[in-house]
Amino acid sequence: MIGGLFIYNHKGEVLISRVYRDDIGRNAVDAFRVNVIHARQQVRSPVTNIARTSFFHVKRSNIWLAAVTKQNVNAAMVFEFLYKMCDVMTAYFGKISEENIKNNFVLIYELLDEILDFGYPQNSETGALKTFITQTGIKSQSKEEQSQITSQVTGQIGWRREGIKYRRNELFLDVLESVNLLMSPQGQVLSAHVSGRVVMKSYLSGMPECKFGMNDKIVIDKQGKGGEGATGQSIAIDDCTFHQCVRLSKFDAERSISFIPPDGECELMRYRTTKDIILPFRVIPLVREVGRTKLEVKVVIKSNFKPSLLAQKIEVRIPTPLNTSGVQVICMKGKAKYKASENAIVWKIKRMAGMKESQISAEIELLPTNDKKKWARPPISMNFEVPFAPSGLKVRYLKVFEPKLNYSDHDVIKWVRYIGRSGIYETRC
Amino acid sequence: MRSVMFRFHVCAGEIFELKAELNSDKKEKKKEAVKKVIASMTVGKDVSALFPDVVNCMQTDNLELKKLVYLYLMNYAKSQPDMAIMAVNTFVKDCEDPNPLIRALAVRTMGCIRVDKITEYLCEPLRKCLKDEDPYVRKTAAVCVAKLHDINAQLVEDQGFLDTLKDLISDSNPMVVANAVAALSEIAESHPNSNLLDLNPQSINKLLTALNECTEWGQIFILDCLANYTPRDDRESQSICERVTPRLSHANSAVVLSAVKVLMKFMEMLPKDLDYYGTLLKKLAPPLVTLLSAEPELQYVALRNINLIVQKRPEILKHEMKVFFVKYNDPIYVKLEKLDIMIRLASQANIAQVLAELKEYATEVDVDFVRKAVRAIGRCAIKVEQSAERCVSTLLDLIQTKVNYVVQEAIVVIKDIFRKYPNKYESVIATLCENLDSLDEPEARAAMIWIVGEYAERIDNADELLESFLEGFHDESTQVQLQLLTAIVKLFLKKPTETQELVQQVLSLATQDSDNPDLRDRGYIYWRLLSTDPVAAKEVVLAEKPLISEETDLIEPTLLEELICHIGTLASVYHKPPSAFVEGSRGVMHKRLPAQGTECPDVGNAAGGSAPEAAPSIIPSQGDLLGDLLNLDLPAVLLPLFNTNCSSYGILYPQVWLPAMKAKGLEISGTFARRAGVIQMELVLTNKAMSVMTDFAIQFNRNSFGLAPAGPLQVLTPLGPNQTIEVSLPLSTVGPVMKMDPLNNLQVAVKNNIDVFYFSCQYPISMLFVEDGKMERQVFLATWKDIPNDNESQFQIQDCHLNSASNKLQGSNIFTIAKRTVEGQDMLYMSIKLSNGIWVLAELKVQAGNPNYTISLKCRAPEVSQCVFQCYEAVLKN
């Protein structure tokens, strides 16, 4: 299990050091600094073995978090734990920065004592932790309160406490998708997938039993057999994972998604699709080398969705060679600029409706070089945001039952929003 | 108050100041002082001098202050054991506190203080806490047992805590169950043979129930524990799999990977024709792909594991090639791993796409990545024959870029392509030769030299090219020197007239001026070969080379099986067994996949779907010089050496029949004996490889006397690394017969879980002499006359000093029938019967005072005479 946990600043000074196991000595702190943080070469692996001691590290801005062990631990678990640790810290004091860590080190030690015991991760749901690890000091609790805390921390529903009350029962569903594409210069899709998340923000009283439904092909087809014909609007989900509140065995057996949600925000589900993806934009590049000192680039983008919808925050990034001396750009729409420090032409368009087309052309002057190495021609990348789900996912229902309290499914105010964003959306040129 | 920024230095004056503050009456001031102490402690300053003052703050109602003092105690108690005792009372009191959070805190902290006296006081509170009414206290106490075990294992056993811990597996609270499982698993690891966890269908059922209810971390503990269980039959295995599969949809990647581990392991037991088996295979792919959208560090862990899974069960991900395509922004460690998996998944169906990608990668910036991409193109050529031509032309394009490391890498892989497809792509040699000067890495130079030597007859200036390398012979690495030596000898054999001087030069450089024994030995071998028998030399040096296999860098099957049992853990990230990086006894136990119960006990068969015979052999890496010497260039040189050794030095000492480097680490030596009428083959098997060998079996080729194993090879326990085992294999003489040359030659195949290996050895024919070989005098006389004189052969045995030859010979079932003395000469008449019924008659002449004996042998099958004579010689001289 995890033998110790260290947090360093970018210089390698240790900000937090908590040792859980006797086999981890103080020298481990220095070993990581010398061999990883101060290493001459770029880090080649997130797992480093130094003198039979293994170090797992993740970096958040310029802060290093390192877990140390001498045993054959579950590596995936250690990384998941480090991420979780970051989430917990962010939930408590915001951004993970040197200053925040120094200012909250007592709190961090307290958290580390609670969520890792002898190197075994314990309940690390912030909702539960915040009931008894607070920044204001523990109030004297009544016996009932104490046992409620302990039963929540150890209980089956560790993510929600009892007795929550709202005057207005409300819930918000965000379907957030990132669409990823790798396209060849000829316009052939090399790989495309959507990774999506369903984020739920709920303000519901009591212990509400929820059921979530979407246009999952498997479910629709099953129902189609029973009664009316399938609508054809269903999507094939390659794989999905759920927040720990979702009853996985029920999903496995009936493919129904039922759960008691944590209060406030949670990521209910993540999913991935690869079939019938709506690619919101197509990029058509044309690069021509004119002699040794000039490049001509023409890029056309086409929007491919309903004309009534508007895409926003569109940004096309066209890489330029390292020996670029000057660039002239003409674009039909938006603004384009050559950014020498980033070696790219950045073309920004605020809004663009569906089924439209726009074009940019640029002339790139090059300095003659003797460099034998060819320019690697990085792909043209794109960023955007569209108000629909490129996977085609639709929320069909979210039913709420709370048998003990007197509100029904109809009394809950529900909101659904779809946002599609670009993930890694690249076209080779 | 938290916003106070601490300076991270403590000097003597400050210690004094802190001391005063710690002893202050004001609570807030006290608390701030303790915080400062902890801050100093964090950065490694020694604040142990404040021990008594800090411990004095322990008696407080303020939970936050208490936690800080505890933190300090955990750090310094060990260095101040006597003073730590001061804290015991407070701990014991806190364990009785009405607030469960404080009870748990006390028992948790006490377990972290490694001071004997404190440990003694821990036992009673711990016992109470293990049975506490509050689950939070129980789950903390469960972990505390593991802590105590780490400090004093005997104490834990004596106090009966292990039994209490076992009881907690049936606790009503899932988190208590999970922590108890985690603690027990860890304790069990240090007692490999104890039955601590006592996994049985009932306890497994409890675990599976808790699995649905506990936290993500608890699920990991339980799944990792389940993976150690071996189900009794395929039905149980299937029902566990069914209950574990829902975990594949968990958001936590570690839960997913641990579930994959359980499924991969238990799948071994399922019959392949079962519908469920197919369903399960299909269910595994999507979650594995989903892992690739996790954070990069987790992707790395996932990819290292997928690499194992793809080797074990390629069918799972064979259609998912695209998800392993490298993204421009992937961290380098993710890129390299993806590339590895791409090569493994490359097949005829997807090769076009893969090649297009690889070509793209070869123009990237990261040197390691580009090299690997170039190498991958070569591997594709070797793996998918249809693509070879395109791969070669892609490689040529890359060579034209003149980027130094790309060229070198390309040349190394082209050498392998030549090995795989001889006489097909030699037209590219000219292009390669152009780049000779830019090669500065040993591997590339060695590859180029190999190419020049191999195709010397087609390269007009081959001698000049090789000569140019010869100038700096002593500065080259061994790899290049060896290759250069072989290449020049090849050149000489192909163009003897022009290159005599060159070959002389290289031989003298290798044998006289070099300190490297490998190089010297190879030089001498060539020299002697060339000087004694150039024709033989040609046959040896220019012998046809065995084809190289398609797959490389495969993990040894036994290691792979072990690693599959460690999916998700560090072992699977390092691709090493835990014993390679874990100190002490922990986790050193080798794990194995279960065998499929009924049909096929052979794990290799059940697992890979292909018989071990078909298992691809692994190309020895270039660095393995000895392997290179034996396998690549001189397959024929050493074999005869071993064989002649056998026959001329007698057979009583075990001979090395199969050297370890020819058999992936298995060394076999042995001898033959005849005991109580039974022929025994005495084998000594030594495992010189890194991993465990199992599933040994032996078979003989047809041979002159129909020797065949009378039973299976009795190697019942797996053979660990560096272990040696001696086995006796009884032989029968009723097997199929085929005349061998020499007559007593025996070709043997030995199989283990890794591969099948072949060797040949010679047995002394005296083994075949049967006990009832004493002929009647009359019959002897008649037979002697009856056998034509043409069948008689005469031999001399020199330097023999024996008093009673006949007694000695009788021990080997050579029976003396008559003896007469003629003119001071002893004439001994003897008979021998071979196991196949052939009679051999002998006449031994011994002259007093003359150590040279003369022997005449008469037999209807005169071929055996030579062998029989050798036996005489061996027996009489021993």
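That block above? That's the structure.
Here, residues in each chain are numbered from 1, in the same order as that chain's written sequence. Starting at A for chains and at 1 for ligands, labels are handed out in the order in which the entities are written. In keeping with the predicted nature of the model, local features appear solely for residues at pLDDT of at least 70, side-chain atom pairs appear and are counted solely at 80 or more, and the whole-chain, interface and lining totals rest on all residues. Computation of side-chain values covers all heavy atoms of the structure but excludes hydrogens and water.

Q: Can you tell me about the overall build of chain A, naming the residues and giving the values?
A: Runs of H or I in DSSP of at least four residues are treated as helices and runs of E of at least two as strands, each being numbered from the N terminus. On a plain count of helices and strands, chain A comes out with eight helices and 23 strands. With the C-alpha coordinates aligned to their principal axes, the bounding extent of chain A is approximately 80 × 70 × 35 Å. Relative to its full complement of 429 residues, chain A shows a buried share of 55%. When contacts within chain A are restricted to residue pairs at least 6 apart in sequence, those whose partners lie at least 24 apart make up 70%. Note that accessible areas follow from Shrake-Rupley with a 1.4 Å probe, and for residues the cover is restricted to the protein chains shown. Surface summary for chain A: the accessible area is close to 19300 Å², and the carbon and sulfur share equals 49%. A distance of 6 Å separates the average location of the 63 positive side-chain charges in chain A from that of its 44 negative side-chain charges. Each residue's exposure class comes from its accessible area (1.4 Å probe, protein chains only) as a fraction of the maximum for that residue type: buried when under 20%, exposed when over 50%, partly exposed otherwise. Contacts are assigned to residue pairs with any non-hydrogen atoms lying within 4.5 Å of each other. Counted as positive: Lys and Arg. Counted as negative: Asp and Glu. His and the chain ends are not counted at all. Positions of charges follow a simple convention, taking NZ of Lys, CZ of Arg, CG of Asp or CD of Glu.

Q: Run through the sheet that holds strand E4 (residues 697-700) of chain B, naming residues and quoting values.
A: Residue and element names in this part refer to chain B. Any two strands with at least two DSSP bridges between them are considered paired. Overall, antiparallel pairing links the three strands, which are arranged E4-E7-E8 in an open sheet. Lying at the two open borders of the sheet, with one neighbouring strand each, are E4 and strand E8 (756-762). Taking the axes of each pair of neighbouring strands and ignoring which way they run, one obtains an average angle of 25° across the sheet. Both E4 and strand E7 (residues 745-751) contribute to a ladder of four bridges, which runs antiparallel. Residue pairing across strands places Ile 698 opposite Val 750, the latter belonging to E7. Each axis is a line fitted through C-alpha atoms, and for a helix only the stretch in contact is used; angles between axes span 0 to 180 degrees, taken between their N-to-C directions.

Q: Can you break down the pattern of salt bridges residue by residue, with the values?
A: Should the charged atoms of two oppositely charged side chains come close, the side chains can pair. Note on definitions: salt bridges are taken to be side-chain nitrogens of Lys or Arg within 4 Å of carboxyl oxygens of Asp or Glu. Enumeration over the complete set of coordinates arrives at 70 salt bridges over all chains. When the shortest N-O distance is used, the salt bridge between Arg 288 of chain A and Glu 296 of chain A registers 3.0 Å. Overall, the relative accessible area of 25% leaves Glu 296 of chain A in the partly exposed class. Across the salt bridge formed by Glu 268 of chain B and Arg 313 of chain B, the nearest N and O atoms sit 3.2 Å from each other.

Q: Let's hear about empty space enclosed by the protein: which residues, and what values?
A: Whether a set of points on the 1 Å grid over the protein atoms alone is a cavity depends on a 1.4 Å probe fitting there but being unable to get out, while an open set qualifies as a pocket with protein on both sides within 12 Å along at least five of seven lines; lining residues are those with an atom within 4 Å of a point. Grid points are joined across faces, edges and corners, and a volume is the space filled by probe spheres set on the points. Applying the stated criterion across every chain, the model contains nine cavities of 30 Å³ or more. Estimates place the volume of the largest cavity at around 160 Å³. Throughout, the ten residues Ala, Val, Leu, Ile, Met, Phe, Trp, Tyr, Cys and Pro are labelled nonpolar, Asp, Glu, Lys and Arg are labelled charged, and all others, Gly among them, are labelled polar. When grouped by side-chain class, the residues that make up the lining of the largest cavity number seven nonpolar, one polar and six charged. The calculated volume of the second largest cavity comes to roughly 90 Å³. Lining the second largest cavity are Val 106, Tyr 109, Glu 110 and Asp 113 of chain A together with Glu 64, Lys 67, Leu 68, Tyr 70, Leu 71, Met 74 and Leu 105 of chain B.

Q: Lay out the nonpolar core in plain terms, naming residues and giving numbers.
A: Among buried residues, those of type Ala, Val, Leu, Ile, Met, Phe, Trp, Tyr and Cys that are joined through side-chain atoms within 4.5 Å constitute a nonpolar core. Phe 56 of chain A together with Tyr 72, Leu 126, Leu 317 and Phe 418 of chain B are the most contacted members of the largest nonpolar core, which totals 285 residues. For Leu 317 of chain B, the contacting residues outside a window of four places in its chain are Ala 285, Leu 288, Val 289, Ile 306, Val 310, Phe 324 and Leu 345 of chain B. By size, the runner-up hydrophobic cluster in this structure holds 64 residues, among which are Phe 795, Leu 809, Leu 834 and Val 875 of chain B.

Q: Before we move on, can you summarise the interface of chain B and chain A with the specific residues and values?
A: At the junction of the two partners, chain B supplies 106 residues and chain A supplies 95 residues. With both sides pooled, the region where chain B packs onto chain A buries about 8600 Å², and carbon together with sulfur makes up 56% of that total. Counting across the interface, chain B meets chain A through 13 salt bridges. Taking the shortest distance from any N to any O, the salt bridge between Arg 428 of chain A and Glu 360 of chain B comes out at 3.9 Å. Here a polar contact is taken to be a pair of N or O atoms separated by no more than 3.5 Å, where protein atoms must pair a possible hydrogen donor with a possible acceptor and residues adjacent in sequence count only if both atoms sit in side chains. Our enumeration of links across chain B and chain A arrives at 41 residue pairs in polar contact (both at pLDDT 80 or more). Top element by residues in the side of chain B that touches chain A is helix H9 (residues 135-151) of chain B. It accounts for eight residues. Buried area: the accessible area, evaluated with a 1.4 Å probe, that two parts lose upon being put together, summed over both parts.

Q: Can you tell me about the packing of helix H7 (residues 100-112) of chain B against H9 of chain B, naming the residues and giving the values?
A: Residues and elements named next belong to chain B. Viewed as axis vectors pointing N to C, H7 and H9 meet at an angle of 10°, and their least axial separation amounts to 8 Å. Relative to H9, H7 is oriented roughly parallel. In contact with Pro 100, Leu 101, Arg 103, Ala 104, Val 107, Arg 108, Gly 111 and Cys 112 of H7, H9 contributes Tyr 136, Val 137, Thr 140, Ala 141, Cys 144, Lys 147 and Ile 151. Its residues assigned to classes, the contact of H7 with H9 shows ten nonpolar, two polar and three charged. Here roughly perpendicular refers to angles of 65 to 115 degrees, roughly parallel to angles under 35, roughly antiparallel to angles over 145, and oblique to all remaining angles.

Q: Break down the packing of aromatic side chains for me, citing the residues and quoting the values.
A: Any aromatic ring pair is given by two values, namely how distant the centres are and how the planes are angled relative to each other. Centres within 6.5 Å are what make two rings of Phe, Tyr or Trp a pair, Trp counting through its six-membered ring; a difference in plane orientation under 30 degrees is then read as stacked, over 60 as edge-to-face, and the rest as tilted. Scanning the model with the defined rule gives 33 aromatic pairs over all chains in all. Measuring from ring centre to ring centre gives 6.3 Å for Phe 132 of chain A and Tyr 136 of chain B, while their planes differ by 80°; the resulting arrangement is edge-to-face. With Phe 132 of chain A in helix H5 (residues 126-132) and Tyr 136 of chain B in helix H9, this residue pair bridges two chains. For the residue pair Phe 132 of chain A and Tyr 136 of chain B, the accessibility class agrees, reading buried in each case. Members of the aromatic cluster, joined through ring pairs, are Phe 6, Tyr 8, Phe 32, Phe 55 and Trp 64 of chain A.

Q: Lay out the state of the cysteines in plain terms, naming residues and giving numbers.
A: Only a pair of cysteine sulfur atoms within 2.5 Å qualifies as a disulfide here. If you walk through the whole model with that rule in mind, you get zero disulfides over all chains. Cys 331 of chain A provides the cysteine sulfur closest to Cys 429 of chain A, a residue in no disulfide bond, and the two sulfurs are 18 Å apart. We note that Cys 871 of chain B lacks a disulfide partner, and the nearest cysteine sulfur, in Cys 867 of chain B, lies 7.3 Å from it. When its relative accessible area of 5% is taken as the criterion, Cys 871 of chain B is described as buried.

Q: Could you give an account of the side chain of Gln 80 of chain B, with specific residues and numbers?
A: Relative to the helices and strands, Gln 80 of chain B is located in the loop between helix H4 (63-76) and helix H5 (81-84). If sequence neighbours within four positions are ignored, Gln 80 of chain B has contacts with Ser 48 and Phe 51 of chain B.

Q: Would you mind going over the environment of Ile 765 of chain B in detail, with residue names and values included?
A: All names here are of chain B. Along the polypeptide, Ile 765 turns up in the loop between E8 and helix H36 (777-786). Spatially, the C-alpha atom of Ile 765 lies 13 Å from that of Gly 706, the residues being 59 residues apart in sequence. Contact partners of Ile 765, with chain neighbours within four places excluded, come to Phe 705, Leu 834, Val 864, Cys 867, Val 868 and Cys 871.

Q: How would you summarise a positive patch on the surface if you had to cite specific residues and measurements?
A: All names here are of chain A. Residues enter a patch when their relative accessible area is above 30% and they make no salt bridge; the linking distance is 9 Å between like charges and 5 Å between nonpolar side chains (Val, Leu, Ile, Met, Phe, Trp, Tyr). Where like charges cluster on the molecular surface, the positive patch consists of Lys 335, Lys 337, Lys 348, Lys 350 and Arg 351. Listing elements by their share of the positive patch, those giving two or more residues are strand E18 (335-339) and strand E19 (344-353). It is E19 that provides the largest number of residues to the positive patch, a total of three residues. Along the polypeptide, Arg 351 turns up in strand E19.

Q: Describe the sheet that holds strand E2 (residues 14-19) of chain A, and please don't skip the residues or the numbers.
A: Residue and element names in this part refer to chain A. Read from one edge of the open sheet, five strands run E2-E1-E5-E4-E3, paired in antiparallel fashion. Looking at which strands have only one partner, the edges of the open sheet turn out to be E2 and strand E3 (47-50). On average, adjacent strands in this sheet sit at an angle of 20° to one another, irrespective of strand direction. In this sheet, strand E4 (residues 53-60) lies alongside E3 in antiparallel orientation, the contact comprising four bridges.

Q: Which residues make up the packing of helix H21 (residues 367-383) of chain B against helix H23 (residues 404-420) of chain B, and what values go with them?
A: Residue and element names in this part refer to chain B. At a minimum axis separation of 9 Å, H21 and H23 run at an interaxial angle of 15°. As far as their axial angle goes, H23 and H21 are roughly parallel. Here H21 and H23 pass one another in a crossing that is right-handed. Counted together, Val 367, Val 370, Arg 371, Val 374, Arg 375, Gly 378, Arg 379, Ala 381 and Ile 382 of H21 and Tyr 405, Val 406, Glu 409, Ala 410, Val 412, Val 413, Asp 416, Ile 417 and Lys 420 of H23 form the full contact between these two elements. Classifying every residue of the contact of H21 with H23 by side-chain character gives eleven nonpolar, one polar and six charged. In this scheme the handedness of a crossing depends on how the near helix is turned from the far one: anticlockwise by less than a right angle means left-handed, clockwise means right-handed.

Q: I'd like a rundown of the pairing of strand E14 (residues 281-290) of chain A, residues and numbers included.
A: Residue and element names in this part refer to chain A. In this sheet, strand E15 (residues 294-303) lies alongside E14 in antiparallel orientation, the contact comprising ten bridges. Paired with Glu 289 across the bridge in E15 is Leu 295. Between E14 and E15, which follow one another and run antiparallel, lie three residues, and Gly 291 among them has a positive phi close to 65°.

Q: Report on unusual backbone geometry, specifying residues and quantitative values.
A: Between Asp 741 of chain B and the following residue, Pro 742 of chain B, the backbone shows a cis peptide bond with an omega angle of -5°. Of note in this structure, Lys 313 of chain A is not a glycine but carries a positive phi near 50°. With respect to the helices and strands, the residue Lys 313 of chain A is situated in strand E16 (residues 310-319). At Asp 695 of chain B, a residue that is not glycine, the phi angle is positive and equals roughly 55°. Structurally, the position occupied by Asp 695 of chain B is in the loop between strand E3 (678-687) and E4.

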